[in-house]
Amino acid sequence: MNQPAPPPRDYLDWRTTDQDELERRRERARQERPEITNADPRYQIFSNFAVRSKSGLSYGVEIRDLAWRQFHCDCLDFRVNGLGTCKHVEAVLLHLEAAAPAEFQGAAASESPRLDLIADPAHQSLRFDGDLSRLPRALRRLLDDNGRLRADEMPELAADAWREAAKALPALRVSRDIDVLLEQRRRAAEALTLRRTYEQKVRSQEWPAHETRVPLYPYQREGMLHLVCGERALLADEMGLGKTAQAIAACALLHRIGRARRVLVVTPGALRGEWEDQIARFTTLASRLIDGSRPVRLKAYAEENPPFFSIATYDQMLADHLEVNTRLRPDVVIMDEAQRIKNWSTRTALAVKRLASRYAFVLTGTPIENKIDELYSLVSYLDPHVFGPMFRFNREFYELDSKGRPVAAKNLDRLRDRVRPILLRRRKADVAAQLPARTDRTFFIPLSEAQRGHYRGFETELARLVESSQKKLLTPTQRDRVMRLLAQMRMVCDAPYLLGGADPASPKIAEFTRLLAGLADEPGVKILVFSEWEKMLELARDACTRLRIGTAWHTGKVPAARRREEIRRFREDADCRVFLSTDTGGTGLNLEPASVVIHLDLPWNPARLEQRDARAWQPLKARPVTVLHLVAKDTIEQRMLTNHSQKQAIAEAVLDGGKVPPKVPVRPVASSVLSRLAAVLPKTPVVLPRPVDPAEILARRARAIPGVDLRSLEEREIGTAGGPHWFFAVVQGDAGSARAHLLRVWHETYGEEDPRIEVIDAATQEALERLASSGLVATRSHFVRRLWPPISPDSREGRAKKFFRDLKSKLGGEEAAA
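Residues numbered from 1 in each chain as written. Predicted model: local features only at pLDDT ≥ 70, side-chain atom pairs only at ≥ 80, totals over all residues. Heavy atoms only, no water.

Glancing now at helix H28 (residues 762-773). In a regular helix each residue adds 1.5 Å, so twelve residues correspond to 16 Å; H28 covers 17 Å between its end C-alpha atoms and thus fits that length. Capping the start of H28 is the job of one residue whose side-chain oxygen sits 3.2 Å from the backbone nitrogen of Ala-763: Asp-761. Residue Gly-775 follows H28 closely and has a positive phi angle near 85°. (Helix = DSSP H or I, 4+ residues; strand = E, 2+ residues; numbered from the N terminus. Expected span 1.5 Å × (residues − 1). Polar contact = N/O pair within 3.5 Å; in protein donor to acceptor, adjacent residues only side chain to side chain.)

Taken as a whole and assessed by the stated rule, the structure comprises twelve aromatic pairs. Arg-114 extends its terminal NZ or CZ atom over the ring of Tyr-43, reaching a point 4.0 Å from the ring centre. Seen from the ring of Tyr-497, Lys-535 lies directly overhead, with NZ or CZ sitting 4.5 Å from the centre. (Phe/Tyr/Trp six-rings, centres within 6.5 Å; stacked < 30°, edge-to-face > 60°. Lys NZ or Arg CZ within 6 Å of the ring centre and 35° of its normal.)

With that settled, consider the pairing of strand E6 (residues 125-129). For strand E5 (residues 115-120) and E6, the ladder comprises five bridges, and the chain directions are antiparallel. Bridging across to E6, Leu-117 finds its partner in Phe-128. From the end of E5 to the start of E6, which pair antiparallel, there are four residues, and Gln-124 there has a positive phi angle of about 50°. (Pairing = 2+ DSSP bridges.)

For the rest of this paragraph, the subject is the pattern of salt bridges. Taken as a whole and judged by the stated rule, the model has 61 salt bridges. For the salt bridge of Asp-160 with Arg-163, the shortest nitrogen-to-oxygen distance reads 3.9 Å. Of this pair, Asp-160 and Arg-163 both sit in helix H6 (residues 155-168), three residues apart, which is roughly one turn of that helix. Residue classification places Arg-163 among the partly exposed residues on the basis of a relative accessible area of 29%. Note that Glu-565 and Arg-568 form a salt bridge whose closest N and O atoms lie 2.5 Å from each other. Taken together, the positions of Glu-565 and Arg-568, both in helix H21 (residues 560-572) and three residues apart, correspond to about one turn of that helix. Judged by relative accessible area, Glu-565 falls into the partly exposed class, the value being 32%. Salt bridges sharing common partners tie together Glu-183, Arg-186, Arg-187, Glu-190, Glu-231, Arg-259 and Arg-358. (Salt bridge = Lys/Arg side-chain N within 4 Å of Asp/Glu carboxyl O. Buried < 20%, exposed > 50% of the residue type's maximum accessible area, 1.4 Å probe, protein only.)

Relative to each other, helix H9 (residues 243-256) and helix H10 (residues 272-282) sit at 60°, their axes nearing to 10 Å. Here H10 runs oblique to H9, going by the angle between their axes. Both H9 and H10 take part in a crossing whose hand is right-handed. Every residue of H10 that contacts H9 at Thr-244, Ala-245, Ala-247 and Ile-248 is listed here: Trp-275, Gln-278, Ile-279 and Phe-282. Partitioning the contact of H9 with H10 into residue classes produces six nonpolar, two polar and no charged. (Axes fitted to C-alpha atoms, helices over the stretch in contact; angles between N-to-C directions. Parallel < 35°, antiparallel > 145°, perpendicular 65-115°, else oblique. Left-handed = near helix turned anticlockwise from the far one by under 90°. Contact = heavy atoms within 4.5 Å. Nonpolar A, V, L, I, M, F, W, Y, C, P; charged D, E, K, R; others polar.)

Read across the open sheet, the four strands follow the order E1-E2-E3-E4; overall the sheet is antiparallel. In this open sheet, the two edge strands, each paired with only one partner strand, are strand E1 (35-38) and strand E4 (70-73). For this sheet, the mean inter-axis angle between neighbouring strands, taken without regard to orientation, is 25°. Summarising the sheet, E1 and strand E2 (residues 48-52) pair through four bridges and their orientation is antiparallel. Within E2, the position partnered with Ile-36 by the bridge is Val-51. Across the sheet, helix H3 (residues 87-99) lies against E1, E2, strand E3 (58-65) and E4, angled at about 65° from E3, the strand it touches most.

Next up on the list: the sheet that holds E6. The strand order across the open sheet built from three strands is E6-E5-E7, with neighbouring strands paired in mixed fashion. In this open sheet, the two strands that pair with only one neighbour each are E6 and strand E7 (172-174). In this sheet, neighbouring strand axes are inclined to one another by 25° on average, regardless of whether the strands run parallel or antiparallel. In this structure, E5 lies alongside E7, joined through three bridges in parallel fashion. The residue of E7 that forms the bridge with Leu-115 is Leu-172. Lying on the sheet, helix H7 (residues 177-203) is in contact with E5, E6 and E7; it crosses E5 at an angle near 30°.

With that settled, the discussion passes to the nonpolar core. Formed by 45 residues in total, the largest nonpolar core has its most connected members in Met-317, Met-335, Leu-355, Ile-372, Phe-387 and Phe-393. Counting residues per element, this core draws most heavily on helix H14 (residues 373-382), which supplies six residues. In this structure, Met-335 is in contact with Val-266, Tyr-314, Ile-341, Val-352, Phe-361, Val-362, Leu-363 and Tyr-381, ignoring residues within four places of it in sequence. Formed by 38 residues, the second largest nonpolar core is a distinct cluster that contains Leu-235, Ala-249, Phe-308 and Ile-334. (Core = buried A, V, L, I, M, F, W, Y, C linked by side-chain atoms within 4.5 Å.)

Structure representation (structure tokens):
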């Protein structure tokens, strides 16, 4: 048993064997060294042990057979990993081998003196492990020749009989894993009975046809029953099909039948008020928002008779999840917009998944946005047995490269079948007869000359980075620059004003104003307007003001209480006809009065676009919806429209029953930046102009300024290497007047708001040189480059440049230059 620890592996390498995983658990047992107590001292080796970790949690371990490694542990890892062991089992084995080596070796070569009755999940039955002849005849009659419970015997009744027999037969041990199996069977039977009972009582009018004050559509009633009967279920309807209403109805039904007294809703902070409004709209059950400091929240959780619904945020659960379990003890946990926990290893996801409840409803219209790991994260909270541990999931559903990293998703048909019992998804196309009509139109808007100039500059720099990436990996600084360039290209498609320009002119706003003027003539029309950028919404608001159209404002900077007031005003005030929002209003809100949605720009992810549209395209309204897209022609925006095929292929195959390809390539994390570049650059290559030196352009323009006698111009790097570059100019005559001219030249050359150029006159320069030579002042320039006047060949600097030029020529070029 005392084997050396395995060498450390790259944590991103998923090419592990079962033996590798076993060694990992054994190594954790060595490192953590939990407290181990023999719960049945009559048996030294083949006993039950209590294993208490340093975190204070305790687990029960059964040692049944050493030679065949037959064990059991209460922990989740043991139940799902398929290894037949865990770190708690390995800790007990290490403890026994060290405490009683002779007895341990003897036990490994002999049979257990115990008689074990264990669970047989594959047959949903019980099984005896050992020699049947050692059992009393009355017990043997309950088993077939394979030691399995006879088909005509009920496991629930048989378990009671065996427990009674164990009182008179000390060697007989009824395993604790039987309780887990019996509980699963009991709940499955309850679910079947509940669905049948519900339908009967509704038909007999003993129960109302709708659990909500607003009638539900048939597909919504089916969603309600999926949640209630599934107990821990994922509702993945497309955005706009009323997942909130279905979850509220499910909780109301559980309240009716006495299964739920306390419900915890976990939602993004921006949607708490929306949940409170929807609960009041659909039911008469009380609700409250969890607010205040942590002590105030803990006091709220501990209330003896709290309102039925408690509405909290994901951020609050990061700190409060343990107290929620011990004080509030919710019967139902609802996770709204559950893509917040799609990354299974984040602190928020790990904390929220510790919330304990019998019923758990996960709501999201996008269970797969980018990769199938996101579905794994959601399902592992609901039922970790569906996929097992992450290492098995990756083996089964990913093709791995030579470094153990995913390169393609595979077996998607098997993945879909695996999640079918707990996942329910309907698309708008599936229930189209119950939804209002929808019309989509796209307006391709040419860039202005000012926009085109900015755009070409960004696109050219991006092309240079693409060219560089073909030779070597981009540095973190270069990747950051790529992301900034992509954002700048998208912003300039709206207006240069978003980049800090003074001119608010925008072809999109001109088109928006034209559309708005026409829509305003239609009585009762209300409009949702979305943009990624708040400054673009400001331009849209100005257009509404010019047309004397009332607006509501919803961005991340607006306090939560004010947001609710803006939503209420848009819904109820006839004069408030335009709802202006960033993506803070793109999820969870019900803005059903709207019949027009205008996208001033496009988000990266197509799912977010659908989320925006779903705010208006709701099932509980009869009015048609028109969706208008304003897209800058021949730009990154137009190419983004066709850049969603990979994400949609995986989602449709797994969630929507689409055609299942053998495998779908996965974009590695390291290449995600390059993938974005490839998606947004034009198919025809950008012609890269010869590199220019803006500092030399600045010097040439400065020398050409009429009336400015430029004596010297230097480029200096301030502070340490990598610090900011400043330009230092010396002029003959009035430095103030010269500075005004040089600032204009600076802006023409660099186009930046904050100038980095200083100007002094020749007399001041002479004074500074005297102070520097006497040691009274010192400069902090790391690098100095003279731009004017030219360096003389006979000067020290000139001779140094000639030396390196000659050296480069002798040694053959670029290597010497480096």
